[in-house]
Amino acid sequence: MTTDPRRLIIGTRSSPLAMVQTETAADALRLAHADLTDDGRLVIEPVKTTGDLVLDRPLSEIGGKGLFTKELDRALMDRRIDLAVHSMKDLETWLPDGMAIGCILPRADVRDAFISFKAPTLNDLKPGARVGTASIRRKAQLLNMRPDLEVGVIRGNVQTRLAKLEAGEFDATFLALAGLDRLGQRHVATDIISPDVFLPACAQGAIGITCRADDTETLDYLAALNDAESHVTVACERAMLDALDGSCRTPIAGLARIDGEQIRLKGMIFRPDGSEVLTTDRHGPLADAVRLGRDAGEELRARAGPGFFDETV
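Let us look at the structure shown here.

Calculation rules
Residues numbered from 1 in each chain as written. Predicted model: local features only at pLDDT ≥ 70, side-chain atom pairs only at ≥ 80, totals over all residues. Heavy atoms only, no water. Axes fitted to C-alpha atoms, helices over the stretch in contact; angles between N-to-C directions. Helix = DSSP H or I, 4+ residues; strand = E, 2+ residues; numbered from the N terminus. Parallel < 35°, antiparallel > 145°, perpendicular 65-115°, else oblique. Left-handed = near helix turned anticlockwise from the far one by under 90°. Contact = heavy atoms within 4.5 Å. Nonpolar A, V, L, I, M, F, W, Y, C, P; charged D, E, K, R; others polar. Disulfide = S-S within 2.5 Å. Buried < 20%, exposed > 50% of the residue type's maximum accessible area, 1.4 Å probe, protein only. Polar contact = N/O pair within 3.5 Å; in protein donor to acceptor, adjacent residues only side chain to side chain. Pairing = 2+ DSSP bridges. Salt bridge = Lys/Arg side-chain N within 4 Å of Asp/Glu carboxyl O.

1. Some details on the packing of helix α9 (residues 228-243) against helix α10 (residues 289-304)
Between α9 and α10, whose axes approach to 7 Å, the crossing angle comes to 30°. Classified by the angle their axes make, α9 and α10 are roughly parallel. Once α9 is placed against α10, the crossing between them reads as right-handed. Only A289, V290, G293, R294, A296, G297, E298, L300 and R301 of α10 make contact with α9, whose side of the interface consists of V232, A235, C236, A239, M240, D242 and A243. Residues of the contact of α9 with α10, tallied by class, amount to 10 nonpolar, 2 polar and 4 charged.

Shown next as structure tokens:
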């Protein structure tokens, strides 16, 4: 007597980018595991999240980046889905009990894209130009570089943001280049900003897949998809975030890069108004990536002191 093979249900946000990322993950699973190529073995289940539904306020005002993940977390732990695909920069640092990161896919371009119909580069924006962003990290970093600019909230998908630029509501905006690439829309980027100029968010460009920590079958499927270098760099950056109690309410930037058998991390924190920035660097053996990230975060937290991330009135 035989039993039908188990279906794997993949949960995802329902945004266009999230769906593309989930299809990428599903294709990778099928490529790595012949038994998952059978019809019906992989099922994609879109989940509407609060972060996708509330688009008129910054995430920091309505509960943080967990609003992109909590419905997926609940579906996972309720066993309505078996795994969930995330942009790692949107995944909270502290996972719910019983949940694990099963793999990190090969990381895409980490850089930020500058988009404007009025200026070829960020430096070319006129004083007083209005820039739209949903990211408190980008806002603080931008004001640190260009305090003469006005920064407002812009959210929504690529086409929504472009429409706001065309309507003159904003003079420029930013998006993660990785997202544009995955949507086949790199051409909308007016300029691509070097990480040495505009340090990205921790884990930007990385896709991660979570599952239940006790689901050994799914963990085995995901292990084949894990990219070791991406896993190490993301773990290093998230360790820094963890030490800083990082969330979308805290302007934090960080990027780890692998150089042979060494890893190099640059971390930055900003006051929300951009008036002050603190920077630190670490380098050491790959095996020490998490320790280095945590050490960097603890140093920045100690230097910042109480109230560093508080909004000024």
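2. Here we look at the state of the cysteines
Across all of its chains, the model carries 0 disulfides by this definition. Residue C103 stays outside any disulfide, its sulfur separated by 8.4 Å from that of C211, the closest cysteine. Relative accessible area serves as the criterion here: at 0%, C103 is assigned to the buried category. Of all cysteine sulfurs, the one in C202 lies closest to C236, which takes part in no disulfide; the gap is 8.9 Å.

3. Observations regarding the environment of E71
Along the chain, E71 turns up in helix α4 (residues 70-77). With 106 residues separating them in the primary sequence, E71 and L177 have C-alpha atoms 26 Å apart.

4. Things to note about the side chain of R146
Within the fold, R146 resides in the loop between α5 (136-145) and β7 (150-152). Within the local environment of R146, its side chain forms a polar contact with the backbone oxygen of L122, the two atoms lying 3.0 Å apart. A polar atom in the side chain of R146 sits 2.8 Å from the backbone oxygen of L125. Not counting residues up to four positions away in its chain, the partners in contact with R146 are L122, N123, L125, K126 and P127.

5. Focus on the pairing of strand β5 (residues 112-115)
Residue alternation in β5 divides its side chains into two sets, D112 and F114 and A113 and I115, and both sets are buried. Two elements, β5 and strand β8 (residues 172-176), share 4 bridges in a ladder whose sense is antiparallel. Looking across to β8, one finds that I115 is bridged to T173. Where β5 lies against strand β9 (residues 191-193), 3 bridges are found, and the strand directions are antiparallel. Bridging from a neighbouring strand, D112 pairs with I193 of β9.

6. Points about the sheet that holds strand β3 (residues 83-87)
Strand pairs in the sheet, formed through backbone hydrogen bonds, run parallel or antiparallel to each other. Sheet architecture is open: 5 strands sit in the order β2-β1-β3-β10-β4, paired in mixed fashion. Strands with a single pairing partner mark the edges of an open sheet, and in this sheet they are β2 (42-47) and β4 (99-104). Going from strand to strand, the sheet's axes swing by 30° on average, the running direction of each strand aside. Two elements, strand β1 (residues 8-13) and β2, share 6 bridges in a ladder whose sense is parallel. Counterpart to L8 in the pairing with β2 is L42. Its contacts with the sheet place helix α8 (residues 216-223) against β1, β3, β4 and β10 (207-212), and it is angled at close to 160° to β10.

7. Details of the pattern of salt bridges
Per the stated rule, a full pass over the model turns up 26 salt bridges. In this structure, R79 engages D214 in a salt bridge whose closest nitrogen and oxygen atoms are separated by 3.6 Å. Note that R79 is positioned in the loop between α4 and β3 and D214 in the loop between β10 and α8, a separation of 135 residues in sequence. Taken individually, R79 and D214 each receive the classification exposed, so the pair is uniform in this respect. Residues K164 and E169 are paired through a salt bridge, measuring 3.7 Å at the closest nitrogen-oxygen approach. Of the residues examined, K164 reaches a relative accessible area of 24% and is grouped as partly exposed. Classification of E169 as partly exposed rests on a relative accessible area of 41%.

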